[in-house]
Amino acid sequence: MSDAQRLPASDDFVRLMDLPFEGGLNEVLHECREILEDTDFPTVKKWREQGGKVMGHFQVYFPEELAHAAGILPVKIRGAPVDREIADSRFGSYMCSILRSSLEIAMTGRLEMDMFVTHPICDGARNLAGIWSRNRPEPAQILYLPQNPNSAFASTWLTQEYRRVLADLEAISGQVATDADLRASTEIFNKNRALLREVYQIKRETPWLLPIHEAYVLVALGGLVQREEHNELLEWVLPRIRERDARQQDKMRVVFEGGFCEQPPLDLLRAIAEFCYVVDDDLLIGLRWLLSDVPLEGDPVNSLAVAYLDDSSYSPVQHDLRKPKEKMLLARIRGAGAEAAIVSAAKMCEPGLDELVAYSQALDEAGTAYFVTEFEERMSSFDHLQIQLETFVENLLFN
Amino acid sequence: MTATTEDIVGRGARDGGELFRNWYDGLTTAAAKNEKAAYVFVMGSLAEIVRTFDLHCVFPEINSLQTAVRHCSDEYLSLAEDHGFSPDVCGYVKADYALQLRGGEHPMGRIPPPSIAVQTNACNTYLKWSEIWERMYDIPVVTVDVPGSRSAPGTAVLSGESVERDRQYVLYQIKELISHLETLTGKKFDVDRLREVLRLTNRMGRAWRRVLELNRARPAVFDAMMEGTIYLGVANALRGTEEGAVYFENLVEEMEYKAEHSISPLVDHDKEHRLVFVGVPCYPIFRRFYQLFSEWGGVFVSSTYTWFASGGLNLDFEYDLENPVESLAEGVMLSVQRAGDSMLFHDKYLLDGIDEFGADGVVYHPIKSCRTVSTSLADSRRVVLAERDVLCLYIESDMMDKRVVSEAQLKNRIDAFFEGLESRRIRKATAGTAAAPGAEQSATTP
């Protein structure tokens, strides 16, 4: 496969990234990182410059197919490591960083949008709709994803709720999303999910080919561009990653848990990668929430709702009796063939911090080694963490 | 003072304390006898359904705050933190976790362990909390998921169709809850028993709303942060009971009497500064916290706590006894939605409250333990300051953790706030005098 071979042009979607495919894999990965770390959100700006509408959805999960089918770019709002000049005054002291930085990027004009959706994933995030509406002109709302997915009525209700949100999206774009449009969008997202599963398959099977920080960049870009372009990128990148000339090292296989909402800095992930192969994680789990292809038959909105409830991953912010988080974590560790876990939480993240207790107890009972840490999206020094992690790894390797 | 005054004034606080002690005695007996208890929460407690099955209602939030009021929360918090809980998470959860580790030992008696947990999503921490019991006791945890307001009041209106399907969703889940309770207790659901419980809640709610309304009187007849919290305790613990209904009807009598005779909680009500409290009280120094305001003549005429923590009793809603289950679903939906609005979108309600109660100032008390209540208070303050000519005070501490309660710092801020209020009062009086010759008499009478 020639690195110089450009992707075929397509009129079906707008390319928002200008990637140097001619330069080869490493150059593409470098540029991907540059785009992801640009806190001026160049892909979103480009989309808007062309007249496109943008819907920002706060972590963890949003059925982006709805926005896509209505012709809107769904952008995952995951905070940013920016200086907070305005937003801090809108929050109390004991709040996590992602709430503040998400408002900051909107209030400073870094990320402009036409609609904002938050979810009651935690007691802080559910406040965002009110704060947003007091500070921003774009409409803000809460999508109540069911916290009782065990009710037999949950899928009926969620289907109708998705329809309500879809109507709001259509009003923003002025474009009606037919069932055919929704199925077409679902098909594109199904392809995306399959490609993301492939990313994680590489991490599990040959983690030396794809360290966690590179995998993270590849996954995260999906929240900033149209999925067609993301698919195109992954289809170009993944075969080349498989062909990489990288040698397996004697690193410990670990699962990283705690990245479901606020995101650790890329350099933190890079620091972890120096000592460990991260063979699975919950970073940006919302982009990988649905575990398999969503059926294209039947009511497409109902299919999305059912998939959310019944064919989905887990996180500390969804209450589902079928998915005790600590048992799910143990299953993730087993499934990935990991030897240990890094269980973490963002500072001041109440659900994440609460879950650390359950995770620790379950890992103790299972006899699985684990390393506990907290992070913050703006942290810039990792020396301390590296020393601790190195000690942890050495203890396990040499004991 | 007449005998009538002595009988009536202060009766709510006295009787409330006694009822509360009796209630805890009942829980202690239940624990000794291994009787079944349902753990429920203040917001959307569903106590009515639980009582229908004659289960004891345990309110873990109330248990936890009582450890702070009784100055022993630090023991409980330390124990939970020894087990891995972060200092930065809800103190209520940690105190309860430690209480379970201590076999239910509590300063008011002994708390029975849960046989079932029933919760709404009114607070996300409820969901995390119940997962702890699920792990500890392997009990059924039943969630009634209540969709709240989707956006700030006035920015968008849910269609009638959306409201109806929300109601259907809640109704369906309540029916599922009833099945769980039938299985747990081995009792068949008795709709007439529910009807009776709802009737008693209606009586209590009617009286509660009248009590809140009576604080519009000048001078105020009770302190909504201090005494209001005592009343709230009874409202939750004895919701749907005869003694609870009677208590609040007596309380109405007391407050009407006080309004009629201008009896204030302050020693000198001529100095009254009428305040609205936003948040949850500072329980580790509860009485002192109250005094920091009352010593300056501050009285809380209203409190958002009496809105969101009253289980919807503040709403102008009564259960339809002809359709008890359906009406309960509607009541739960409305009460949880309004509780959410009172915390997430409260600026409109605050502005209304300032007007209705003639408030001079608003005191925001965000706390480390509760993000639901605290996240948007700083932002709300900006709106209130822009919309109304009132002073606002913003003080942070906690409802459980005395490590983040600095009385000296609180006092400094509170003193400065009242100096501002006093100064405004003098300026207004002076301006009134200057503007209207011969108006000195009226200007000295607030």
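Up top you'll find the structure we're talking about.
Values in this document were obtained by computation on a predicted structure and should not be read as measured data.

So, how was this worked out
Numbering of residues begins from 1 in every chain and follows the order in which that chain's sequence is written. Following the order in which they are written, the chains are lettered starting with A and the ligands numbered starting with 1. Where totals are concerned, whole chains, interfaces and linings use all residues; where local detail is concerned, this predicted model gives features only for residues with pLDDT of at least 70, and gives and counts side-chain atom pairs only at 80 or more. Neither water nor hydrogens contribute to the side-chain values; these are computed over all heavy atoms in the structure. Secondary structure elements follow DSSP: runs of H or I of four or more residues count as helices, runs of E of two or more count as strands, with numbering from the N terminus. For the radius of gyration, the atoms used are the C-alpha atoms, and the globule rule reads 2.2 Å times the number of residues raised to 0.38. Any two residues whose heavy atoms approach within 4.5 Å at even a single point are treated as in contact. Lys and Arg are tallied as positive, Asp and Glu as negative. Neither His nor the chain termini are counted. We put the charge of a Lys on NZ, of an Arg on CZ, of an Asp on CG and of a Glu on CD. For any pair of parts, buried area is found by adding up, for both, the accessible area (1.4 Å probe) each one loses once the two are put together. Each salt bridge in this description consists of a side-chain nitrogen of Lys or Arg and a carboxyl oxygen of Asp or Glu lying within 4 Å of one another. Nitrogen and oxygen atoms within 3.5 Å of one another constitute a polar contact, given that in protein one can donate a hydrogen and the other can accept it, and given that sequence-neighbouring residues count only through two side-chain atoms. Two strands make a pair as long as DSSP finds a minimum of two bridges between them. Think of each axis as a best-fit line through the C-alpha atoms, taken over the contacting stretch in the case of a helix, with angles from 0 to 180 degrees between the N-to-C directions. Here the angle decides the label: under 35 degrees means roughly parallel, over 145 means roughly antiparallel, 65 to 115 means roughly perpendicular, and every other value means oblique. Note: crossing handedness is left-handed where the near helix turns anticlockwise from the far helix by less than a right angle, and right-handed where it turns clockwise. Three residue categories are used. Nonpolar comprises Ala, Val, Leu, Ile, Met, Phe, Trp, Tyr, Cys and Pro, charged comprises Asp, Glu, Lys and Arg, and polar comprises the others, including Gly. Three labels apply to residues, based on accessible area from a 1.4 Å probe with only protein chains included: buried if under 20% of the type maximum, exposed if over 50%, partly exposed otherwise in between. Clockwise travel from the first strand over the helix to the second, with the strands pointing away from the viewer, marks a crossover as right-handed. Note on patches: the residues involved have over 30% relative accessible area and no salt bridge, like charges join within 9 Å, and the nonpolar side chains Val, Leu, Ile, Met, Phe, Trp and Tyr join within 5 Å. Accessible areas in this description were obtained via Shrake-Rupley with a 1.4 Å probe; residue shielding takes into account the shown protein chains only.

> Got a sec to walk through the overall build of chain B? Specific residues and values, please.
Of the regular secondary structure elements, chain B holds 19 helices and 10 strands. The C-alpha radius of gyration computed for chain B amounts to 22 Å, which stays within 12% of the reference 22 Å derived for 446 residues, consistent with globular compactness. For chain B, the C-alpha atoms occupy an extent of roughly 80 × 55 × 50 Å along the three principal directions. A separation threshold of at least 6 residues defines the contact pool for chain B, and within that pool the share at least 24 residues apart is 78%. Distance between charge centroids for chain B: 2 Å, based on 48 positive and 65 negative side chains.

> I'd like a rundown of the interface of chain B and chain A, residues and numbers included.
The partner chain A presents 51 residues to the 60 residues of chain B that form the contact. In total, chain B and chain A occlude about 4,700 Å² of area from one another, counting both sides; carbon and sulfur atoms represent 51% of this. When residues of chain B are sorted by the area they lose upon contact with chain A, Arg150, Arg165 and Arg371 of chain B head the list and together hold 14% of the total. Taken together, chain B and chain A are joined by 10 salt bridges. Among the ionic pairs, Asp347 of chain B bridges to Arg134 of chain A, the shortest N-O distance being 3.0 Å. Across the contact surface, chain B and chain A share 37 residue pairs in polar contact (both at pLDDT 80 or more).

> Would you mind going over the sheet that holds strand 2 (residues 56-58) of chain B in detail, with residue names and values included?
Residues and elements named next belong to chain B. Pairing is parallel across the open sheet formed by four strands, whose spatial order is 2-1-5-6. The open sheet has two edge strands, strand 2 and strand 6 (141-144), and neither has a second partner. Taken over all neighbouring pairs, the strand axes of this sheet differ in orientation by 25 degrees on average, direction set aside. Across three bridges, the pairing between strand 1 (residues 37-39) and strand 2 is parallel. Its bridge partner being in strand 2, Ala38 is matched across the sheet by Cys57. Helix 7 (residues 124-137) rests against strand 1, strand 5 (116-120) and strand 6 of the sheet, and its axis sits at about 170 degrees to strand 5.

> Please set out the packing of helix 2 (residues 11-33) of chain B against helix 10 (residues 227-237) of chain B residue by residue, giving values where relevant.
All names here are of chain B. Running from N to C, helix 2 and helix 10 point in directions that differ by 40 degrees, and their axes come no closer than 9 Å. As judged from the angle between their axes, helix 2 and helix 10 are oblique. In this structure, helix 2 crosses over helix 10, and the sense of that crossing is left-handed. For the pair helix 2 and helix 10, contact is made by Gly12, Ala13, Gly16, Leu19, Phe20 and Trp23 and by Tyr231, Gly233, Val234 and Ala237, respectively. In terms of residue class, the contact of helix 2 with helix 10 is built from seven nonpolar, three polar and no charged.

> Pulling in residues and values, what's your account of the pairing of strand 5 of chain B?
Residues and elements named next belong to chain B. Of all five residues in strand 5, five are buried, a share of seventy percent or more. Alternating positions in strand 5 separate into two faces, Ile116, Val118 and Thr120 on one and Ala117 and Gln119 on the other, with burial throughout. As defined by bridge partners, strand 1 adjoins strand 5 across two bridges and the pair is classed as parallel. Following the sheet pairing, Ala38 is matched in strand 5 by Ile116. With respect to chirality, the unit in which strand 5 leads through helix 7 into the neighbouring parallel strand 6 is right-handed.

> A description of a negative patch on the surface should follow, citing residues and the corresponding values.
Residues and elements named next belong to chain B. A surface patch of negative charge is lined by Asp320, Glu322, Glu326 and Glu330. On the secondary structure map, Glu330 appears in helix 14 (residues 324-344). Residue classification places Glu330 among the partly exposed positions, given a relative accessible area of 31%.

> Residues and numbers for the environment of Ala67 of chain A, please.
Residue and element names in this part refer to chain A. Here Ala67 lies in helix 3 (residues 64-69). Owing to a relative accessible area of 0%, Ala67 belongs among the buried residues under this scheme. Through-space distance from the C-alpha of Ala67 to that of Phe392 is 44 Å; in sequence the pair is 325 residues apart. Once residues within four sequence positions are removed from consideration, Ala67 is found in contact with Met55, Ile72, Pro74 and Leu169.

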